[in-house]
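Okay, here's what each chain looks like letter by letter:
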Amino acid sequence: ILYFFFFLPIRLLINISKGRAFTERNIQMLNQISLFALIISSFAILSPYIFRIIFWQMIPDDFKMESLLQKIADNLVVLIIAVITFIIAKAFKKGYTLQYEQDLTI
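This structure is a prediction, so every number in the text was calculated from the model and none was measured.

## As for the overall build of the chain
Here is step 1: Along the chain, the regular secondary structure elements total 4 helices and 0 strands.
Here is step 2: Helices and strands appear in the chain in the N-to-C order α-α-α-α.
Here is step 3: Whereas a compact globule of 106 residues would reach a radius of gyration of roughly 13 Å, the chain reaches 20 Å, over 25% beyond that.
Here is step 4: The dimensions of the chain, computed from C-alpha atoms along their principal axes, are 70 × 20 × 20 Å.
Here is step 5: By the burial criterion, 21% of the 106 residues in the chain qualify as buried.
Here is step 6: Long-range contacts, defined here as pairs at least 24 residues apart, represent 60% of the contacts in the chain between residues at least 6 apart.
Here is step 7: Total accessible area on the chain stands at roughly 8,000 Å², and carbon and sulfur atoms take up 71% of it.
Here is step 8: For the chain, the separation between the mean place of its 10 positive charges and that of its 7 negative charges on side chains is 8 Å.

Okay, here's the thing in structure tokens:
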């Protein structure tokens, strides 16, 4: 978790501060952060239901689970991080394409 939410963003900021903003590596790092955030939030949302299906015989009937909407609301911040990072990755990819085309014309 530290790698995806701490080290990758720091490496990304270092690359940008050195003038290497629109590179394939930065786009890959943004996509990795986005994908990992989506996986983490999906697992947090769906894991109680999966465990309930697997261990249904061991769980007492009076055990109440949170609703799906409540689980989504609890993990909304991570889902928003995933979407925003994905959008930023797409913008960086467009910037990379424009920079590559400009480098070819010069």
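Having seen it, we continue.
## Structural notes on a nonpolar patch on the surface
Here is step 1: A cluster of nonpolar side chains, Phe43, Leu46, Ile50, Phe51, Ile54, Phe55, Met58 and Leu68, forms an exposed patch at the surface whose accessible area comes to about 840 Å².
Here is step 2: Ranked by residues supplied to the nonpolar patch, first place goes to helix α2 (residues 24–54) with 5 residues.
Here is step 3: Examined against the element boundaries, Ile54 turns out to sit in helix α2.
Here is step 4: Classification of Ile54 by relative accessible area gives exposed; the value is 52%.

## Looking at α2
Here is step 1: Roughly 45° is the biggest bend found in α2, and it falls at Leu46, with proline Pro48 one to four residues downstream.
Here is step 2: Those residues of α2 that fall on the buried side of the exposure criterion are Asn26, Ile27, Met29, Leu30, Ile33, Ser34, Phe36, Ala37, Ser41, Ile45 and Ser47.
Here is step 3: Its buried side turned inward, α2 meets α1 (2–17), α3 (68–74) and α4 (76–105).

## Quick notes on the packing of α1 against α2
If you want to describe how two helices pack, look at the angle between their axes and the distance between the axes.
Here is step 1: At a minimum axis distance of 10 Å, the contact between α1 and α2 shows a crossing angle of 155°. It follows from the interaxial angle that α1 and α2 lie roughly antiparallel. Between α1 and α2 lies a crossing of left-handed hand. Seen from α1, the contacting residues are Tyr3, Phe4, Phe5, Leu8, Pro9, Arg11, Leu12, Asn15 and Ile16; seen from α2, they are Arg25, Asn26, Met29, Leu30, Gln32, Ile33, Phe36 and Ala37.
Here is step 2: For the contact of α1 with α2, the per-class residue count stands at 12 nonpolar, 3 polar and 2 charged.

Basis of the calculations
- Residue positions are given per chain, counting from 1 as you read along its sequence in written order.
- Selection of residues for local features in this predicted model requires a pLDDT of at least 70, selection of side-chain atom pairs for listing and counting requires 80 or more, and totals for whole chains, interfaces and linings are taken over all residues.
- Hydrogens are left out, water is left out, and the side-chain values use all remaining heavy atoms of the structure.
- Strands here mean DSSP runs of E at least two residues long; helices mean DSSP runs of H or I at least four residues long; both are numbered from the N terminus.
- We compute the radius of gyration over the C-alpha atoms and compare it with the globule rule, which gives 2.2 Å times the number of residues raised to the power 0.38.
- Each residue is assigned to one of three classes by its accessible area relative to the maximum for its type, calculated with a 1.4 Å probe on protein chains only: buried under 20%, partly exposed between the two thresholds, exposed over 50%.
- For this analysis, residues touch if any pair of their heavy atoms sits within 4.5 Å.
- Computed with a 1.4 Å probe, the accessible areas rest on the Shrake-Rupley method; for each residue, only the protein chains presented here act as cover.
- In this tally, Lys and Arg are treated as positive and Asp and Glu as negative; His is ignored, and so are the chain termini.
- Charge positions come from single atoms, namely NZ of Lys, CZ of Arg, CG of Asp or CD of Glu.
- Surface patches are drawn from residues lacking salt bridges whose relative accessible area is over 30%; two like charges belong together within 9 Å, two nonpolar side chains (Val, Leu, Ile, Met, Phe, Trp, Tyr) within 5 Å.
- In what follows, salt bridge is the name for a side-chain nitrogen of Lys or Arg lying within 4 Å of a carboxyl oxygen of Asp or Glu.
- In this analysis the local bend is the angle between axes fitted, respectively, to the seven residues ending at and the seven residues starting at the residue.
- Orientation is described by axes fitted as lines to C-alpha atoms, over the contacting stretch for helices, and by angles from 0 to 180 degrees between their N-to-C directions.
- For classification, angles of less than 35 degrees are called roughly parallel, those exceeding 145 degrees roughly antiparallel, those between 65 and 115 degrees roughly perpendicular, and all remaining angles oblique.
- A crossing counts as left-handed when the near helix is turned anticlockwise from the far one by less than a right angle, and as right-handed when that turn is clockwise.
- Residues were grouped as follows: Ala, Val, Leu, Ile, Met, Phe, Trp, Tyr, Cys and Pro as nonpolar; Asp, Glu, Lys and Arg as charged; and all remaining residues, including Gly, as polar.

Keep in mind these numbers describe shape, not what the thing actually does.
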